[in-house]
Amino acid sequence: MSVLTIEEVKGLVERSKSWCVSIYLPTVVAGTETRQNEIRFKNLFREALQKLQDNGLSEDEANDFLRPVTDLIESEDDFWQQQDSGLALFITDDFFRYYKVPLDLSELVVVTDQFHLKPLLPLLTGDGTFYVLELSQKQVKLFEGDRYHLREINVPNLPQSMDEVLQYDDNEPRGQFRIGTTSGAANYNNSSAGTGVFHGQGAPEQDDVKKDYGQFFHAIDSALHDFLNGKRSPLVLACVEYLMPIYREANTYPHLIEEGITGNVKDTAIAELHQQVWSIVEPYFLQAQEQAAHDYHDLSNTELISTKLEETVPAAYYGRVDRLFVAVGIQKWGRFDPNANEIQIHTDAEVGDEDLLDAAAIQTLINGGIVYAVEPDVMPAPAPIAAVFRY
């Protein structure tokens, strides 16, 4: 099982083959009702088999195509007892991936030449991803989270402690530091890199302490700059209070939130940290969605908005969509050829069709836009799709 991220979604999109099977089902987490999980799956599995045969595969070929799914379930005795609120499975030639997700999914089977991903959009959009930077002199961690989860992630070249940046000089008396030059600090005009500042034994001067931390934080920011480049998710600091203004001086990430988690957080349980941070970022997400809807209405008399599939789907593929609202639980079937810039829209699903709402949402995400997957009655216009264009 994998953790669903934008990078995972890109991988699923790039895995497009002759046929892609997407299976969604709600699952029961615990108790005797977990027996319903297997029953639901067997019904959906038979539906997937039938749809593959409808698309030209023989019964044996369809069973072979879906064999990785049956092999997984048969190899894990407690598979159906170890679930979250929903299960999503994706199968194509020589590829199988599944996700246990904290979403109340509806039963759905889609067979086309693209994976159907729209039911998972609430995990990736609008109130989706945020980051938490945990700072102390001896420990640095970056977490990625959403409404449901928080997990530590690896960032290349991220310093793990101040000692990596402010190196001890073995030839000096114990307790003295030498400020070492780092590649991260050298990228900033206000860096103290290479200044050769020394401070002696005992309590150092406050200015020296600030320079030490400043250089340390510049190195952290340099690593995060590479990792977060192009992202728009909010970043929350978690550290003792006096470090916050020092880090903010070094920070170059434009989406660092003003409010942070103060105190000694290094021993805080991850569930508790997630709860504290979510209370900070949830209003941020709600405000952003409200602002997006407000902007949509402000642009109502311009060509920078649209509720038309024939306009919005191509714009999403070509990177023109800045913010996109899509209604959950609704599908609009058809085909779009980005090479020929031709779109077909069908009343009912035909062989080879894809959900055009799903396609627009995924392409918007891949091209750096923001997607809000909302209930139909929350849409800013009486349509299943509403876009704000960049140009």
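These figures come from a predicted structure and were not determined experimentally. (Residues numbered from 1 in each chain as written. Predicted model: local features only at pLDDT ≥ 70, side-chain atom pairs only at ≥ 80, totals over all residues. Heavy atoms only, no water.)

Engineer: How should the sheet that holds strand β6 (residues 139-145) be read in this particular structure?
Structural biologist: Backbone-to-backbone hydrogen bonds pair the strands of a sheet. The strands run either parallel or antiparallel. If you trace the 5 strands from one edge of the open sheet to the other, you get β7-β6-β5-β10-β11, paired in mixed fashion. In this open sheet, the two strands that pair with only one neighbour each are β7 (150-153) and β11 (261-262). Across the sheet, helix α7 (residues 270-298) lies against β5 (130-136), β6, β7, β10 (235-239) and β11, angled at about 130° from β5, the strand it touches most. (Pairing = 2+ DSSP bridges. Helix = DSSP H or I, 4+ residues; strand = E, 2+ residues; numbered from the N terminus. Contact = heavy atoms within 4.5 Å. Axes fitted to C-alpha atoms, helices over the stretch in contact; angles between N-to-C directions.)

Engineer: Teacher, can you tell me more about the nonpolar core here?
Structural biologist: Burial of nonpolar side chains together is a common tendency in soluble globular proteins. Ranked by size, the top nonpolar core spans 39 residues in total, and within it F90, L117, L121, L324 and V326 carry the most contacts. Here the element with the most residues in this core is helix α9 (residues 356-366); it accounts for 7 residues. (Core = buried A, V, L, I, M, F, W, Y, C linked by side-chain atoms within 4.5 Å. Buried < 20%, exposed > 50% of the residue type's maximum accessible area, 1.4 Å probe, protein only.)

Engineer: What is the right way to look at the packing of helix α1 (residues 6-14) against α9 in this model?
Structural biologist: How two helices sit against one another is set out by the angle between their axes and by the gap between those axes. At their nearest, the axes of α1 and α9 sit 10 Å apart, and the two run at 125° to each other. Regarding the angle of α1 to α9, the classification is oblique. Viewed along their axes, α1 and α9 form a crossing whose handedness is left-handed. Seen from α1, the contacting residues are I6, V9, K10 and V13; seen from α9, they are I362, Q363, L365 and I366. Across the contact of α1 with α9, the residue classes break down as 6 nonpolar, 1 polar and 1 charged. (Parallel < 35°, antiparallel > 145°, perpendicular 65-115°, else oblique. Left-handed = near helix turned anticlockwise from the far one by under 90°. Nonpolar A, V, L, I, M, F, W, Y, C, P; charged D, E, K, R; others polar.)

Engineer: Hey, could you run me through α1 in this one?
Structural biologist: Residues three or four positions apart in an α-helix share a direction because the helix packs 3.6 residues into each turn. Those residues of α1 lying buried are E8, V9, L12 and V13. For α1, the buried positions fall inside an angular range of 140° around the axis, keeping them on one side. (Arc of directions from axis to C-beta.)

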